[in-house]
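# Architecture at a glance
The residues making up each chain are set out below.
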Amino acid sequence: MISDKIRDILNEQINKEFYSAYLYLSMSAYFSEIGMYGFSNWTKVQSKEEIDHGMILFEYVLGRNSQIHLGQISTPNFDMNSPLEVFEQIYQHERSITSAIDAVANMTEGECDLATRNFIDWYLNEQIEEEAAVLRIISKLKTFGSEKSALYLIDKELSQREYESPSY
Ligand code: OFO
């Protein structure tokens, strides 16, 4: 059993993960609409991973004999001016998720909940990888993104990303 405080913050995190899935899915639609199918693929794969992140939390809460409270998922909101701008917003979004995961980790320590502290480590490591992956794309876009032919090649590269279910 987990404490009510831990239950509530994990439920909030489930909502954040499903919001992330929505956000990436709407970005995927935007990229598809402007013919950037590689960017569309990358964000769609990310959307699937975010659903997995939400579901791992979901199973954990139930497995600890606690309750799921699914809240409303907000409408995704982002500016669609260029791939670089979208990826800069992705980076800011992932940083906010990292802060949210940090808050979960800090709360587990306050509640002396070592099992959830251990569980949440996977998310902390996942965030490091996600932020680094997004920064690499931003860096390429900043360096080469003004050239249409380079943008085409980046789009081609991002089309290679394949969905893999998380190794949790
Ligand atoms: Fe974008 O990462 Fe989930 O947690």
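Summary of the structure given here. (Residues numbered from 1 in each chain as written. Predicted model: local features only at pLDDT ≥ 70, side-chain atom pairs only at ≥ 80, totals over all residues. Heavy atoms only, no water.)

## A look at the packing of helix α2 (residues 37–63) against helix α5 (residues 148–158)
Their axes nearest at 7 Å, the elements α2 and α5 cross at an angle of 35 degrees. Taken as a pair, α2 and α5 cross one another with a handedness that is left-handed. The residues of α5 that touch α2, namely those facing Tyr-37, Gly-38, Phe-39, Asn-41 and Trp-42, are Leu-151, Ile-154, Asp-155 and Leu-158. The residue inventory of the contact of α2 with α5, partitioned by class, reads six nonpolar, two polar and one charged. (Axes fitted to C-alpha atoms, helices over the stretch in contact; angles between N-to-C directions. Helix = DSSP H or I, 4+ residues; strand = E, 2+ residues; numbered from the N terminus. Left-handed = near helix turned anticlockwise from the far one by under 90°. Contact = heavy atoms within 4.5 Å. Nonpolar A, V, L, I, M, F, W, Y, C, P; charged D, E, K, R; others polar.)

## Comments concerning α5
Residues of α5 that are buried include every one of Ala-150, Leu-151, Ile-154, Asp-155 and Leu-158, and no others. Buried residues of α5, viewed axially, fall in a sector of 145 degrees; they line one side. Among the exposed residues of α5, those pointing more than 90 degrees away from its buried face are Ser-149, Tyr-152 and Leu-153. Tucked into the core, α5 has its buried residues touching α2 and α4 (114–144). (Buried < 20%, exposed > 50% of the residue type's maximum accessible area, 1.4 Å probe, protein only. Arc of directions from axis to C-beta.)

## With respect to the pattern of salt bridges
Throughout the structure, instances matching the rule amount to eight salt bridges. One salt bridge in this structure joins Lys-142 and Glu-88, with 3.8 Å as the shortest N-O distance. Of this pair, Lys-142 sits in helix α4 while Glu-88 sits in helix α3 (residues 83–110), and the two are 54 residues apart along the sequence. Owing to a relative accessible area of 56%, Lys-142 belongs among the exposed residues under this scheme. Here the salt bridges do not stand alone but share partners, grouping Asp-4, Arg-7 and Asp-8 into one network. (Salt bridge = Lys/Arg side-chain N within 4 Å of Asp/Glu carboxyl O.)

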